[in-house]
Amino acid sequence: MDKLVVEGGRRLEGVIEVSGAKNASLPILAATMLSKESSVIHNVPQVADVFTMVKILKSLGARVEHKGNTVEVDPRGAVNPVLPYKLVSTMRGSICFLGPLLARFGEAKVSFPGGCVIGPRPIDLHVKGIRSLGAEVKVEHGYILAKAKRLRGTRVYLGGAFGSSVLGTANVLMAACLGQGKTVIDNAACEPEVVDLGNFLKAMGARISGLGSPSIEVEGVERLNGATYKIIPDRIEAGTYVIASAMTKGDVTIKNLDLNMLGAMVDKLKDAGVVITQKNGHARVRRQRVLRPVSVTTLPYPGFPTDLQAQMMALMCIVPGISVITEKIYPDRFLHVSELNRMGSNIMLEGNSAIVSGQKRLSAAPVMASDLRASAALVLAGLVADGTTEISRVYHLDRGYEDLVGKLQNLGARIKREKE
Ligand code: EPU
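Quick caveat, the model's predicted, so the values are computed rather than measured.

Cut-off values and rules
Residues numbered from 1 in each chain as written. Predicted model: local features only at pLDDT ≥ 70, side-chain atom pairs only at ≥ 80, totals over all residues. Heavy atoms only, no water. Helix = DSSP H or I, 4+ residues; strand = E, 2+ residues; numbered from the N terminus. Contact = heavy atoms within 4.5 Å. Pairing = 2+ DSSP bridges. Right-handed = clockwise from strand over helix to strand, strands pointing away. Domains from an automatic or database assignment. Buried area = accessible area lost by both parts, 1.4 Å probe. Salt bridge = Lys/Arg side-chain N within 4 Å of Asp/Glu carboxyl O. Polar contact = N/O pair within 3.5 Å; in protein donor to acceptor, adjacent residues only side chain to side chain. Nonpolar A, V, L, I, M, F, W, Y, C, P; charged D, E, K, R; others polar. Buried < 20%, exposed > 50% of the residue type's maximum accessible area, 1.4 Å probe, protein only. Near = heavy atom within 4 Å. Areas by Shrake-Rupley, 256 points an atom, 1.4 Å probe, with all protein chains shown as cover. Axes fitted to C-alpha atoms, helices over the stretch in contact; angles between N-to-C directions. Parallel < 35°, antiparallel > 145°, perpendicular 65-115°, else oblique. Left-handed = near helix turned anticlockwise from the far one by under 90°. 1 Å grid on protein atoms, 1.4 Å probe; cavity = no way out; pocket = protein on both sides within 12 Å on 5 of 7 lines; lining within 4 Å. Points joined across faces, edges and corners; volume = space filled by probe spheres on them.

Caption draft 1: Structural view of the environment of Ile-254. Within the secondary structure, Ile-254 sits in strand β15 (residues 251-255). Linking Ile-254 and Gly-129, residues 125 residues apart in sequence, is a C-alpha distance of 38 Å. Not counting chain neighbours up to four residues away, the residues in contact with Ile-254 comprise Ile-16, Val-18, Ala-238, Tyr-241, Val-242, His-282, Ala-283 and Val-285.

Caption draft 2: Structural detail: the pairing of strand β19 (residues 321-326). Of the strand pairs in this sheet, strand β18 (residues 296-297) and β19 are connected by two bridges, and their pairing is parallel. From the neighbouring strand, Thr-297 faces β19, where its bridge partner is Thr-326. You can see the chain leave β18, run along helix α10 (residues 309-317) and come back into β19, and the turn it takes is right-handed. Judged from the six bridges that link them, β19 and strand β21 (residues 353-358) form a sheet pairing that is antiparallel. Bridging across to β21, Ile-322 finds its partner in Ser-357.

Caption draft 3: Spatial organisation of the domain arrangement of the protein chain. Taken domain by domain, the protein chain consists of domain 1 (2-19 + 233-419) and domain 2 (22-230). With centres defined by C-alpha atoms, the gap from domain 1 to domain 2 works out at 30 Å. Across the contact, 23 residues belong to domain 1 and 21 residues belong to domain 2. With both chains or domains summed, domain 1 and domain 2 bury close to 1800 Å², and 54% of this area falls on carbon and sulfur atoms. Connecting domain 1 to domain 2 are two salt bridges. When the shortest N-O distance is used, the salt bridge between Arg-399 and Asp-49 registers 2.9 Å. Counting across the interface, domain 1 meets domain 2 through seven residue pairs in polar contact (both at pLDDT 80 or more). A breakdown of the residues in the side of domain 1 that touches domain 2 according to their chemical character gives nine nonpolar, three polar and eleven charged.

Caption draft 4: View of helix α4 (residues 98-105). The element α4 is largely enclosed, with a buried count of seven among its eight residues. Following α4 by one or two positions, Gly-106 adopts a phi angle in the positive range, close to 80°.

Caption draft 5: Focus on the site of the ligand. As a matter of local geometry, the ligand sits amid 23 residues, with Leu-125, Ser-165, Val-166, Asp-307 and Ile-329 nearest to it. In this structure, an oxygen atom belonging to the ligand sits 2.7 Å away from a main-chain N or O atom of Leu-125. When the ligand is considered free in solution it has 820 Å² of accessible area, and contact with the protein chains removes 91% of it. Looking at the shell around the ligand, the elements that each hand over two or more residues are α1 (22-31), α5 (124-132), α6 (166-177) and α12 (372-384).

Caption draft 6: Representation of the sheet that holds strand β7 (residues 107-111) within the structure. If you walk across this open sheet you meet the four strands as β6-β7-β9-β8, and the pairing is mixed. If you trace the sheet from one side to the other, it starts and ends with β6 (82-83) and β8 (136-140), each paired once. Sheet contacts for α4: β7 and β9 (143-147); angle to β7, the most-contacted strand, approximately 155°.

Caption draft 7: Structural detail: the packing of α10 against α12. Running from N to C, α10 and α12 point in directions that differ by 25°, and their axes come no closer than 7 Å. It follows from the interaxial angle that α10 and α12 lie roughly parallel. α10 and α12 meet at a crossing whose hand is right-handed. Packed against α10, whose contacting residues are Ala-310, Gln-311 and Ala-314, the element α12 presents Arg-373, Ala-374, Ala-376, Ala-377 and Leu-380 at the interface.

Caption draft 8: Region of the structure containing the sheet that holds β21. Pairing is mixed in the open sheet, where four strands are placed in the order β18-β19-β21-β20. The open sheet has two free edges, formed respectively by β18 and β20 (347-350), since each of these has just one partner strand. The strands touched by α10 within the sheet are β18, β19, β20 and β21, with β21 carrying the most contacts at an inclination of about 30°.

Caption draft 9: Spatial organisation of the layout of surface pockets. Computed from the structure, the second largest pocket encloses a volume of approximately 350 Å³. Residue classes in the lining of the second largest pocket are distributed as nine nonpolar, three polar and seven charged.

Written out as structure tokens, the structure is:
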């Protein structure tokens, strides 16, 4: 197992390019199964979750060429709509095969994804959605078994206790494309990654309107063609580097980043005193003075993203004063708190809120990565801590950040990867 070694105290400066969005790539790769023709997807990040996706596509019988950031999927030979536990257990996102397999084969057998370190991850909304499209669904021996000769259009409300569901919306949207008649998804997720999936489906010939709004309409078609498509930039990766620049008193330009995708976060950072500007499609992030603490509540898009909550907390740890960070998507997503406290932070948990008493400095310590975004927060803390921070279990970061070490080194960080 590898670890990251970060020497704190270097100011980040320079230009960086973010990779394609992981959370758009996963459902888009699954959606290639809806057609019998080949699709070519560009700007796919080289991260572990994508490698798992490619493995799954191959196990279903598709032929896949994966070179650099391009994945070509020829799904003609696929005959096997079964997704075993071995593959689903390594990546919860693989649930997004349920809709495409059911729509294309009339049946799907997908292992129940189970829990995850960031808290329970139910799939009741996925099941509700495909049931209302006419599928018969049961859970047996740890598998979701779904069957339908031909899915039929319907109106379905996809809201749960924590709001809309990103992959739930993705599953129902993909399945509805090959259904008979019109489907309306109410309380659909508005995340840019769902819009990107919808745009890919449209390139395949799907008839969809209302993307990016809480009401998506789909007019089912008989068949979908293959398509060539380029994935949008990863707003969560971008947001992580925005915060890195703010934390290190840096001056970082992020190429080809539309700040509107990060509206809620940019607003909070500006309130805190970070200088963020947009010019010619690029975003520049500078910090020239002491910041003010700000409080943050995570919400579905366009609210503050849960996937940037841990990184924002790392920033607030070094801003003198009190800030309250409330998690309304995954109330237990606070694995980074104990590790940040090991580095000298002062964070108290109170239900689904973290009360951060920020101070001027953090002190380096050996820490353990737990989930993807919690690990990113530890890297950010390491960049400003006094001394050398060692972060073990780095495979969590490999799931979602392409070349994190190389990109940070280019900005002047002292960070390296070593065998443990
Ligand atoms: N929920 C239900 N029932 C469901 C599905 C979800 O109650 O059937 C709840 C969840 O427990 C959670 C909330 O609804 O409280 C939102 O979950 P959502 O379904 O939107 O999450 P997801 O689609 O499984 C995606 C991202 C996550 C990201 C969330 C929220 C992918 C592959 N994953 O998960 O990304 O945190 O949306 O934005 O797109 C990450 O990249 O680190 C990551 C965890």
